[in-house]
Amino acid sequence: MKKYSINKGIGANVEFKGLKAQYLFYFAGGLLTDLILVMVMYMAGVNNLICLVLGLGTSGYLVYKLFSLNKKYGQFGLMKLQARKYFPKYIISRKDVKGYVNRNLKLRSYEKYS
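Predicted model only: the values in this text are computed from it and were never measured.

Chemist: Honestly, the confidence of the model for the protein in this entry has me stumped. Any pointers?
Modeler: In this model, the protein carries an average pLDDT of 80, and 75% of its residues clear a pLDDT of 70 or more. Mean pLDDT per element in the protein: helix α3 (residues 97-113) is the minimum at 61, and helix α1 (residues 22-43) is the maximum at 92.

Structural data, given as structure tokens:
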């Protein structure tokens, strides 16, 4: 039986066979979900060959997709990609220029006397 070591240095992130950070959790969760799906299908009476092909196919696709995402986005890139949807596309300012000038003048006069 092979023993795989998880490399974890001081201050370094967890890495297993090239998968880093959050990809490990997606990998474990995906394989667990796939296992449960195949077990439910088997207990429901679906043909063994269909269960086997579907289980191997989904787990193979999961492994392929996670390694390609890991290679494309890197360690923190997937979190940045998820956070990008919360950024505003543009900032709207409905104040006229006069409002900004008056505000800056008030701030400067306040700083002068404080």
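Chemist: Please clarify how a nonpolar patch on the surface should be interpreted in this entry.
Modeler: Together, Leu32, Leu35, Ile36, Met39 and Val40 make up a nonpolar patch on the protein surface, roughly 470 Å² of accessible area in all. Along the chain, the position of valine 40 falls in helix α1.

Chemist: What should I look at first to understand the side chain of asparagine 70 in this one?
Modeler: Within the secondary structure layout, asparagine 70 lies in helix α2 (residues 48-83). For asparagine 70, the residues in contact, after removing those within four places along its chain, are Gly18, Leu19, Lys20 and Tyr23.

Criteria and cut-off values
- Residues numbered from 1 in each chain as written.
- Predicted model: local features only at pLDDT ≥ 70, side-chain atom pairs only at ≥ 80, totals over all residues.
- Heavy atoms only, no water.
- pLDDT = per-residue confidence, 0-100.
- Helix = DSSP H or I, 4+ residues; strand = E, 2+ residues; numbered from the N terminus.
- Patch = residues over 30% accessible without salt bridge, like charges linked within 9 Å, V, L, I, M, F, W, Y side chains within 5 Å.
- Areas by Shrake-Rupley, 256 points an atom, 1.4 Å probe, with all protein chains shown as cover.
- Salt bridge = Lys/Arg side-chain N within 4 Å of Asp/Glu carboxyl O.
- Contact = heavy atoms within 4.5 Å.

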